Amino acid sequence: MKENYMVCNCKQVSYVNIADALGNHTKFDDVLKVFEDVQQVTHCSTGCGGCYSKVLDVISEILMGPENA
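To keep things clear, this report deals only with the structure shown in the data block. (Residues numbered from 1 in each chain as written. Predicted model: local features only at pLDDT ≥ 70, side-chain atom pairs only at ≥ 80, totals over all residues. Heavy atoms only, no water.)

**Side note on the packing of aromatic side chains**
Here the structure, examined in full by the defined rule, presents 1 aromatic pair. Between phenylalanine 35 and tyrosine 52, the aromatic rings sit 4.9 Å apart at their centres with planes inclined by 70°, giving edge-to-face as the arrangement. Remark: tyrosine 52 occurs in helix 3 (residues 52-64) and phenylalanine 35 occurs in helix 2 (residues 31-42); sequence separation between them is 17 residues. Among the residues examined, phenylalanine 35 registers a relative accessible area of 5% and is labelled buried. For tyrosine 52, a relative accessible area of 35% puts it in the partly exposed group. (Phe/Tyr/Trp six-rings, centres within 6.5 Å; stacked < 30°, edge-to-face > 60°. Helix = DSSP H or I, 4+ residues; strand = E, 2+ residues; numbered from the N terminus. Buried < 20%, exposed > 50% of the residue type's maximum accessible area, 1.4 Å probe, protein only.)

**Observations concerning the state of the cysteines**
Using the criterion set out here, one finds 0 disulfides in the structure. Between cysteine 10, a free cysteine, and cysteine 48, which holds the nearest cysteine sulfur, the sulfur-to-sulfur gap is 3.7 Å. With no disulfide of its own, cysteine 51 lies 3.7 Å from the sulfur of cysteine 8, the closest cysteine sulfur. (Disulfide = S-S within 2.5 Å.)

Here it is as structure tokens:
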């Protein structure tokens, strides 16, 4: 289940935490700006940084839809 998928182990941020943190982001504009917003809410990728690309992938998947990811 994606809801239980842990994206950032250091800060214990799951797929659903990132989805929730996206808040009012409904379209795929500037992924780095969206990443910063998600990072401020969840603190993901502020520990070791090893999840950076996983977080970007999750943001892309959610905003673009799974059929386009």
